[in-house]
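# Residue-level structural notes
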Amino acid sequence: MTTLPLSDAHGLVVAAMAKAGHTPDEAPVIADHLLDCELRGLTFGGLARALSIVERIRAAGEAPRPIRVTAETPVSATIDGGDQVGYLVGMRALDLAVAKARARGMAVVGARNTWYTGMFSYYLEKAAAAGLAGMIAGSGPAVVAPHGGTEGRFGTNPIAFGFPATPVPVIWDIGTSAVMHGEVVLKARLGEQLEAGQAYDATGAPTLDPAAALGGAFGVWGGHKGSGLAMVVQLLGMMSGAAAAPPGISDCGFFVLLIDPGALTDADDYHRHVSEYAASIRATRPVAGSSAVRVPFDRSVACREEALRRGTIEVPDTVVAALRKIAHE
């Protein structure tokens, strides 16, 4: 592992994104998101993802087009991402949704024709800071098998919910696959194996080989209940106009719903009640031998705070070497 100061890590991603064709305004937006993944302990979505972004851009047959709004009402909008990376498209969708929810009490924004939208909790944390509650769901290529099957029909299909609270927002962010695409790609880069039960090869046989899994299908999370949730998330993403089973890494759907609690109740009271309720969950008596009960997002915040105090992150040597090579091309 390579120890990188946070400023060096951010600068390395910015340099790599610039080499991939992103502007001085765009590259830091992507770097901020990837570094936040690293700070929160999600290594597969951090600096390693920058390599996947560069690979995807260079493999594309044509240059991406501008992000544009194709339909709009006072409470909704549809975005064509122009095959731009999702970190940029997702922020455009979030900014539109926040502005509309503040003005009208609620908003729904859908984006299509994009890929790699990152952590949905990243966006919902910003929404919560604006006093808004919300949900984000995302569809994608058919790489996850439904419960009882071995062929891809769903994307990894993350879904997240966020609520403003003190001292930190309450955010629940999960993928509906047994293993996330970024985890599989990173394990393939590092020569590591998957865990049993996470994936199938192209013949439908269980596999621990990440390369075989990328050519086969991942398992679904949560049995038949998780499989049903994955299907619903796919349908929500498709509401943006995204394809049901787009080819390769393309045309992911991004569905954002934001609500101003003040449209339904007193916003300050709601914020206080959510905070008090979260505190009561943390105060739950734990089972014997276990640590304190956590509220969703608590671990991420604690991990990030520790990394910020430390001022460094640990990144696989292979990833750092590859990014440095790109940055100095």
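Report on the accompanying structure. Source: prediction; values computed, not measured. Within any chain, residue numbers begin from 1 and follow the written order of that chain's sequence. Under the rules for a predicted model, residues below a pLDDT of 70 receive no local features and side-chain atom pairs below 80 are neither given nor counted, while totals for whole chains, interfaces and linings still include all residues. The basis for every side-chain value is the complete set of heavy atoms in the structure, and neither hydrogens nor water enter the calculation.

## Focus on the packing of helix α2 (residues 26–39) against helix α4 (residues 86–104)
Only the stretch in contact is used when fitting a helix axis, every axis being a line fitted to C-alpha atoms; angles between N-to-C directions are given from 0 to 180 degrees. By the criteria applied, helices consist of DSSP H or I runs no shorter than four residues and strands consist of E runs no shorter than two, each listed in order from the N terminus. Axis separation between α2 and α4 bottoms out at 9 Å; the angle between their running directions is 95°. One element, α2, and the other, α4, form an angle in the roughly perpendicular class. Packed against α2, whose contacting residues are E26, V29, I30, H33 and L34, the element α4 presents Y87, L88 and M91 at the interface. By the definition adopted for this analysis, an angle is roughly parallel if under 35 degrees, roughly antiparallel if over 145, roughly perpendicular if from 65 to 115, and oblique otherwise. Here a residue-residue contact requires only that any non-hydrogen atoms of the pair lie within 4.5 Å.

## So, the environment of P64
With respect to the helices and strands, P64 occurs in the loop between α3 (47–59) and β2 (68–73). Whether a residue is buried, partly exposed or exposed follows from its accessible area with a 1.4 Å probe, protein chains only, as a fraction of its type maximum: under 20%, in between, or over 50%, in that order. When its relative accessible area of 41% is taken as the criterion, P64 is described as partly exposed. Along the primary structure P64 and D83 are separated by 19 residues, whereas in three dimensions their C-alpha atoms are 5.2 Å apart.

## Considering the nonpolar core
In terms of nonpolar packing, the biggest core is built from 35 residues, with M17, L47, I53 and I313 touching the most fellow members. Among the elements of the structure, α1 (6–19), α2, α3, α4, β11 (312–315) and α11 (317–327) are those that each provide at least two residues to this core. Leave out the neighbours within four places in its chain, and I313 touches T2, T3, L4, L6, A9, L35, E38, L39 and L47. The term nonpolar core refers to a set of buried residues drawn from Ala, Val, Leu, Ile, Met, Phe, Trp, Tyr and Cys, joined through side-chain atoms within 4.5 Å.

## Quick notes on the pattern of salt bridges
Just to be clear on terms, a salt bridge is a Lys or Arg side-chain nitrogen sitting within 4 Å of an Asp or Glu carboxyl oxygen. By the definition in use, this model includes 16 salt bridges. Through salt bridges with shared partners, a single network forms among D36, R40, E125 and R304.

## Describing the sheet that holds strand β10 (residues 252–259)
Strands sit in the order β2-β3-β4-β10-β5-β6-β7 across an open sheet of seven strands; the sheet is mixed. Strands with a single pairing partner mark the edges of an open sheet, and in this sheet they are β2 and β7 (170–174). Taken over all neighbouring pairs, the strand axes of this sheet differ in orientation by 10° on average, direction set aside. Note: two strands are recorded as paired if DSSP finds a minimum of 2 bridges between them. By the bridge criterion, seven bridges tie strand β4 (residues 106–115) to β10 in an arrangement that is antiparallel. From the neighbouring strand, A107 faces β10, where its bridge partner is L258.

## A short note on the side chain of D298
Tracing the chain through its elements places D298 in helix α10 (residues 298–310). The class of D298 is buried, set by a relative accessible area of 15%. Each polar contact in these results corresponds to two N or O atoms within 3.5 Å; when the atoms are within protein, one needs to be able to donate a hydrogen and the other to accept it, and residues that are neighboring in sequence are counted only if both atoms are side-chain atoms. Within polar-contact distance, the side chain of D298 engages the side chain of R282 at 2.7 Å.

## Here we look at the packing of α1 against α3
The description of two packed helices rests on the angle between their axes and on the distance between the axes. At a minimum axis distance of 10 Å, the contact between α1 and α3 shows a crossing angle of 5°. Here α3 runs roughly parallel to α1, going by the angle between their axes. Residues A9, V13, A16, M17 and K19 of α1 lie in contact with α3, whose contacting residues are L47, A50, I53, V54 and R58. Residue polarity follows a fixed list, in which Ala, Val, Leu, Ile, Met, Phe, Trp, Tyr, Cys and Pro are nonpolar, Asp, Glu, Lys and Arg are charged, and the others, Gly among them, are polar. Residues belonging to the contact of α1 with α3 are distributed by class as follows: eight nonpolar, no polar and two charged.

## Digging into the environment of A245
Of note, A245 is situated in the loop between α8 (223–238) and β10. Given a relative accessible area of 53%, A245 falls into the exposed group. Expressed as a C-alpha distance, the spacing of A245 and M135, which sit 110 residues apart in the sequence, is 23 Å.

Purely spatial values, then, with no claim about function.
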